[in-house]
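# Fold and geometry: a report
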Amino acid sequence: AGEDVTRQALTVSLGYIGQIPMNFSVVDVHMWYIYLLIGLYLYMPIFSAWVEKASEKAKLWFLLGWSVTLFVPYLREYVNPYIWGACSPNVVMMTIPIFLLCKKVEIHSVWIQKALANLTVCGFGVYMIHYFFTGPSVALMRTLHVPICLQIPLAAVLAFAVSWALVLLIRRLTGKTAKYWVG
């Protein structure tokens, strides 16, 4: 299916996009996040009110319950291939050290600080459009006969850079209305 994505017509692509609210296709699997985000926006006012009024003991019980649910894939399938799924203790244990390391990084370069601040502003838009460029980026790497071990990393960097540049351009062209276009 990945090869077909790079060769399909605009009408087919628009058809995939039109089906997103009803059904995910091969090319829009990353949009699961949008449904999660909508749910969070609906849930957070209730949860925030609870957190403000809850005791420390109640918060700890909640965190314990959440931690237990991370092990559900283990319990459900008795340590099966889903062990490496996105909602598993392995992912949590790999993510925590990266997060803690990133918190310790001190950036002294003003240019890098500005770039990261801009990425923070453009991040949602980059996330929303990057998938349009992943297939073409891989196809370009193959056309250029880039060594196989470098194709995916370079395609990822290219898709990211093009997405960021496009979001930045849209933000500059649309001014104050940019938040409605690219977040």
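Residues numbered from 1 in each chain as written. Predicted model: local features only at pLDDT ≥ 70, side-chain atom pairs only at ≥ 80, totals over all residues. Heavy atoms only, no water.

A word on a nonpolar patch on the surface. On the surface, a cluster of nonpolar side chains totalling about 850 Å² of accessible area is made up of L36, L40, Y43, M44, W50, L60, F62, L63 and W66. Going through the elements one at a time, α3 (32–53) and α4 (56–70) are the ones with two or more residues in the nonpolar patch. With 5 residues, α3 is the largest single contributor of residues to the nonpolar patch. Looking at the secondary structure, you find W66 in helix α4. (Patch = residues over 30% accessible without salt bridge, like charges linked within 9 Å, V, L, I, M, F, W, Y side chains within 5 Å. Areas by Shrake-Rupley, 256 points an atom, 1.4 Å probe, with all protein chains shown as cover. Salt bridge = Lys/Arg side-chain N within 4 Å of Asp/Glu carboxyl O. Helix = DSSP H or I, 4+ residues; strand = E, 2+ residues; numbered from the N terminus.)

Our next topic: the side chain of S163. Within the element layout of this structure, S163 appears in helix α9 (residues 148–174). Residue classification places S163 among the buried residues on the basis of a relative accessible area of 0%. Beyond its immediate chain neighbours, meaning those up to four positions away, S163 contacts V126, I129, H130 and F133. (Buried < 20%, exposed > 50% of the residue type's maximum accessible area, 1.4 Å probe, protein only. Contact = heavy atoms within 4.5 Å.)

Core analysis: the biggest nonpolar cluster contains 5 residues, these being C122, V126, I129, V167 and V182. Among the elements that take part in this core, helix α7 (residues 110–129) stands out by supplying 3 residues, more than any other. Discounting residues that sit within four places of it in the chain, C122 has contacts with W164, V167, L168 and R171. (Core = buried A, V, L, I, M, F, W, Y, C linked by side-chain atoms within 4.5 Å.)

Note on backbone geometry: most residues besides glycine have negative phi, and most peptide bonds are trans. At H145, a position not held by glycine, the phi torsion is positive, near 60°. With respect to the helices and strands, H145 occurs in the loop between α8 (131–143) and α9. Accessibility expressed as a relative area gives 68% for H145, which makes it exposed.

A separate point is the packing of α7 against α9. Their axes nearest at 8 Å, the elements α7 and α9 cross at an angle of 100°. Between α7 and α9, the interaxial angle falls into the category roughly perpendicular. In this structure, α7 contributes A115, N118, L119, V121, C122, G125, V126 and I129 to the contact, and α9 contributes F160, S163, W164, L166, V167, L168 and R171. Here the contact of α7 with α9 is composed, by residue class, of 11 nonpolar, 3 polar and 1 charged. (Axes fitted to C-alpha atoms, helices over the stretch in contact; angles between N-to-C directions. Parallel < 35°, antiparallel > 145°, perpendicular 65-115°, else oblique. Nonpolar A, V, L, I, M, F, W, Y, C, P; charged D, E, K, R; others polar.)

Considering the arrangement of structural elements, one finds Q151 in helix α9. A residue is classified by how much of its surface remains accessible, and Q151, at 12% relative accessible area, is buried. Beyond its immediate chain neighbours, meaning those up to four positions away, Q151 contacts M141, R142 and V146.

With that settled, consider the packing of α8 against α9. Close contact between α8 and α9 brings their axes to 8 Å; oriented N to C, the two are set at 130°. If you check the angle between α8 and α9, you find them oblique. Here α8 and α9 pass one another in a crossing that is right-handed. Where α8 abuts α9, its residues F133, T134, S137, V138, L140, M141 and R142 lie against Q151, I152, L154, A155, L158, A159, V162, S163 and L166. (Left-handed = near helix turned anticlockwise from the far one by under 90°.)

Purely geometric stuff here, so don't read any function into it on its own.
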